[in-house]
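Working through the structure, step by step
For reference, the chains in residue letters:
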Amino acid sequence: SSGIGVSTLTNNDVMVLKKDVDSIEAVSPMMLISSPIKYGEKSAASALVLGTTPDIFKVRDTKLDSGRVFEQKDEDEKKRVIVLGYPIAQSIFGDENAIGKKVIIRGEEIEVIGVLEKPKQSASPFGGQSFDDAVYLPFSAGIELTGTEQVFRIVAKIKSDTDVKEAKEEIKKTMLKNHKIPIATSGAYS
């Protein structure tokens, strides 16, 4: 997490973006949960554990190798479920079916409900770890595990008929307004 930096983002920012920015198709918060994932004697210490909302799967245009992604119902019910990136599932389970198994994160049992497809290439939006090495659990479960609602990043997918530059400006203005930062001083917040 030290490589990602400190954030002043909140889940309220996500709600404001959903409500006020018409060009957004999907938007999701990402909470970074510092913890290895354990299963029996195996551990994936390098996994990027993210608390997020079901929209993350639309933003990432996720395809599954097996199982399912979590849904709004899982989020609303604070279900302790997780979707594993393919490399993480392989490192912990090998060729064994991961679906229905329980992994341990921060001393708590979390049920594996999905495994993402094998990545074609690995790339990270943060310049570090790849999303392929990430695991996703409902934001509400992340709050229960960490005792915080800290949002480290917000990711969004723009509607296909939208100019990206215009959407970026609309998002930037909305975020500055929501954080009560004068737009005239926004040059440093690109």
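Here, every reference points to the structure presented above.
Calculation notes
Residues numbered from 1 in each chain as written. Predicted model: local features only at pLDDT ≥ 70, side-chain atom pairs only at ≥ 80, totals over all residues. Heavy atoms only, no water. Buried < 20%, exposed > 50% of the residue type's maximum accessible area, 1.4 Å probe, protein only. Helix = DSSP H or I, 4+ residues; strand = E, 2+ residues; numbered from the N terminus. Pairing = 2+ DSSP bridges. Core = buried A, V, L, I, M, F, W, Y, C linked by side-chain atoms within 4.5 Å. Expected span 1.5 Å × (residues − 1). Contact = heavy atoms within 4.5 Å. Polar contact = N/O pair within 3.5 Å; in protein donor to acceptor, adjacent residues only side chain to side chain. Axes fitted to C-alpha atoms, helices over the stretch in contact; angles between N-to-C directions. Parallel < 35°, antiparallel > 145°, perpendicular 65-115°, else oblique. Left-handed = near helix turned anticlockwise from the far one by under 90°. Nonpolar A, V, L, I, M, F, W, Y, C, P; charged D, E, K, R; others polar.

Describing the pairing of strand β1 (residues 24-33)
Among the ten residues that make up β1, nine are buried, leaving the element largely enclosed by the rest of the structure. By the bridge criterion, six bridges tie β1 to strand β10 (residues 153-158) in an arrangement that is antiparallel. If you follow S28 over to β10, its bridge partner there is V155. As defined by bridge partners, β1 adjoins strand β4 (residues 48-52) across four bridges and the pair is classed as antiparallel. Across the sheet, M31 pairs through a bridge with G51, a residue of β4.

A short note on the nonpolar core
Of all hydrophobic cores here, the largest spans 25 residues; its most connected members are I37, I82, L84 and I105. Elements with a contribution of two residues or more to this core: β1, β6 (81-84), α4 (86-93), β7 (102-105), β8 (108-116), β9 (134-138) and α5 (139-146).

Digging into helix α6 (residues 164-178)
Compared with an ideal rise of 1.5 Å per residue, which puts 15 residues at 21 Å, α6 spans 21 Å between its outermost C-alpha atoms and is within 8% of the ideal. For α6, the full list of buried residues reads A167, I171, K172, T174, M175 and L176. Elements in contact with the buried residues of α6: α1 (11-20), β1 and β10. Of the residues that open α6, the one with a side-chain oxygen 3.1 Å from the backbone nitrogen of K165 is D163. Positive phi appears at K180, one or two residues downstream of α6, with a value of about 55°.

Describing the environment of S28
Within the secondary structure, S28 sits in strand β1. Considered as a pair, S28 and D55 are 27 residues apart in the sequence and their alpha carbons are 5.5 Å apart. Once residues lying within four places of it in the same chain are set aside, the contact partners of S28 are V14, T52, T53, D55, I56, R153, I154 and V155. At 2.8 Å, the side chain of S28 forms a polar contact with the side chain of T53.

Digging into the packing of α1 against α6
The contact between α1 and α6 brings their axes to 10 Å, and the two run at 130°. Judged by the inter-axis angle, α1 sits oblique to α6. For α1 against α6, the interelement crossing comes out right-handed. Facing N12, D13, V16, L17 and D20 of α1, the residues of α6 in contact are E170, I171, T174, M175 and N178. Across the contact of α1 with α6, the residue classes break down as four nonpolar, three polar and three charged.

Focus: the environment of L145
Along the chain, L145 turns up in helix α5. The buried category is assigned to L145, whose relative accessible area is 11%. Between the C-alpha atoms of L145 and E108, which are 37 residues apart in sequence, the distance is 7.8 Å. What L145 contacts, discounting residues up to four positions off in sequence, is R80, I105, R106, E108, I110 and L137.

Describing the pairing of β6
Of the two faces of β6, the one lined by V81 and V83 and the one lined by I82 and L84 are each fully buried. Looking at chain direction, β6 and β8 are connected through four bridges and run parallel. Paired with I82 across the strands is V112, a residue of β8.

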